[in-house]
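Now for the letters of each chain:
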Amino acid sequence: MTTTSASAPSAAPGAVPAPLEALVRHFADLREGTHAGHADRPSKEAAFGAAAELLDAPARQVLAEFDTHLLLGTGTIRATGLRRDRYGGAFAAWRLTWPEQRRAGITALTLHAHYGAGFHHPHLRGATVAEWPLNVFTPAQAAELVPTFRAIVAADLHNLVLQRDWRIVPALRDSGHHSHPGGPATATAADPYRS
């Protein structure tokens, strides 16, 4: 059974799936030596800046989903806007922090769009996982990234749980909320992440 999100429409029958189309755009950039049709760095950076603006709504949507369903509304979403890094590249980041994460001293759930000074074109990554191609030029292309953003944030949260334990996820401490399919959402003697 195939399900689709209202914010990320499915491809028409026979159409190239959005992630594959984005990957082809990315590889075509490598082949042509361009990004968004531009060959010079200032124009490529301007295209990256426009992409960062387009990514804001889907990035916030995905982080809000994780906050609502797994962090029980305890999180705070912050966006950097377009910034320069210390090496001369550009980036924009969206971070979701919550009390358990801060107390554990681990990184926030992060969606990070970056265009490194030595990069040919920009990429996406999470706090603990990387790299995805970033070739977004329209609002529809930005919306198509919602499933990718969900995958990045889910992988990050998985890695953060492995760095600490399941207790950093508030939904797992609420006995009436989202039990694991294999049993209750509480630690057992066999739980390898129990501290």
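On a predicted model such as this, the values are computed, not experimentally measured, just so you know.

**Concerning the packing of helix 2 (residues 41-69) against helix 5 (residues 146-163)**
Contact geometry of helix 2 with helix 5 gives a least axis separation of 9 Å together with a crossing angle of 45°. Compared by their axis directions, helix 2 and helix 5 come out oblique. Of the two possible hands of crossing, helix 2 and helix 5 adopt the one that is right-handed. Here helix 2 contributes Leu55, Pro58, Ala59, Gln61, Val62, Leu63, Glu65 and Phe66 to the contact with helix 5, which in turn contributes Val146, Phe149, Arg150, Val153, Ala154 and Leu157. Residue classes in the contact of helix 2 with helix 5 are distributed as 11 nonpolar, 1 polar and 2 charged.

**Considering the environment of Gly116**
Note on placement: Gly116 falls in the loop between strand 4 (109-115) and strand 5 (123-125). With 28 residues separating them along the chain, Gly116 and Gly88 place their C-alpha atoms 7.3 Å apart. In this structure Gly116 touches Arg41 and Gly89, once residues within four positions along its chain are discounted.

**A few points about the confidence of the model for the chain**
The predicted model of the chain has a mean per-residue pLDDT of 85, with 83% of residues at 70 or higher. Here residues 1-8 is a poorly scored stretch, pLDDT under 50, and it has 9 contacts once near neighbours within four places are set aside; other chains count. Confidence drops under a pLDDT of 50 for residues 177-195, and excluding neighbours within four residues, the segment shows 25 contacts in the predicted structure.

**Considering the packing of aromatic side chains**
Following the criterion strictly, the structure yields 1 aromatic pair and no others. One residue, Arg41, lies across the ring of Tyr115, its end atom 3.7 Å from the ring centre.

**A few points about the side chain of Gln141**
Structurally, Gln141 can be placed in helix 4 (residues 139-143). Overall, Gln141 belongs to the buried group, its relative accessible area being 14%. Here Phe137 takes part through its backbone nitrogen, which lies 2.6 Å from a polar atom of the side chain of Gln141. Setting aside residues up to four positions removed in sequence, Gln141 forms contacts with Arg25, Asn135 and Val136.

**Focus: the pattern of salt bridges**
On inspection of all chains with the given rule, the structure shows 9 salt bridges. Residues Asp165 and Arg167 are paired through a salt bridge, measuring 2.5 Å at the closest nitrogen-oxygen approach. On the basis of relative accessible area, Asp165 is assigned to the buried category, the value being 8%. Salt bridges here are not isolated pairs; linked through shared partners, they connect Arg41, Glu45 and Arg84.

**A word on the nonpolar core**
Ranked by size, the top nonpolar core spans 35 residues in total, and within it Leu55 and Phe149 carry the most contacts. Of all the secondary structure elements, the ones that give two or more residues to this core are helix 2, strand 3 (90-97), strand 4 and helix 5. The element that contributes the greatest number of residues to this core is helix 2, accounting for 8 residues. Among all residues touching Phe149, those that are not within four sequence positions of it are Leu55, Pro58, Ala59, Val62, Leu111 and Leu124.

**Some details on the pairing of strand 6 (residues 130-133)**
Of the pairings in the sheet, the one linking strand 5 to strand 6 comprises 3 bridges and is antiparallel in character. What sits directly across from Arg125, in strand 6, is Ala130. Between strand 5 and the antiparallel strand that follows it, strand 6, lie 4 residues.

**Re the environment of Ile152**
Inspection of the secondary structure puts Ile152 in helix 5. Judged by relative accessible area, Ile152 falls into the buried class, the value being 0%. Considering only alpha carbons, one finds Ile152 and Val62, 90 residues apart in sequence, at a separation of 9.9 Å. Aside from chain neighbours lying at most four places away, what touches Ile152 is Thr110, Leu111, Leu124, Arg125, Gly126, Val129 and Trp132.

**Describing the environment of Val153**
In this structure, Val153 sits in helix 5. With 44 residues separating them along the chain, Val153 and Leu109 place their C-alpha atoms 6.2 Å apart. With residues up to four places along the chain from it excluded, the contact list for Val153 reads Val62, Leu63, Phe66, Leu109 and Leu111.

The rules we used
Residues numbered from 1 in each chain as written. Predicted model: local features only at pLDDT ≥ 70, side-chain atom pairs only at ≥ 80, totals over all residues. Heavy atoms only, no water. Axes fitted to C-alpha atoms, helices over the stretch in contact; angles between N-to-C directions. Helix = DSSP H or I, 4+ residues; strand = E, 2+ residues; numbered from the N terminus. Parallel < 35°, antiparallel > 145°, perpendicular 65-115°, else oblique. Left-handed = near helix turned anticlockwise from the far one by under 90°. Contact = heavy atoms within 4.5 Å. Nonpolar A, V, L, I, M, F, W, Y, C, P; charged D, E, K, R; others polar. pLDDT = per-residue confidence, 0-100. Phe/Tyr/Trp six-rings, centres within 6.5 Å; stacked < 30°, edge-to-face > 60°. Lys NZ or Arg CZ within 6 Å of the ring centre and 35° of its normal. Buried < 20%, exposed > 50% of the residue type's maximum accessible area, 1.4 Å probe, protein only. Polar contact = N/O pair within 3.5 Å; in protein donor to acceptor, adjacent residues only side chain to side chain. Salt bridge = Lys/Arg side-chain N within 4 Å of Asp/Glu carboxyl O. Core = buried A, V, L, I, M, F, W, Y, C linked by side-chain atoms within 4.5 Å. Pairing = 2+ DSSP bridges.

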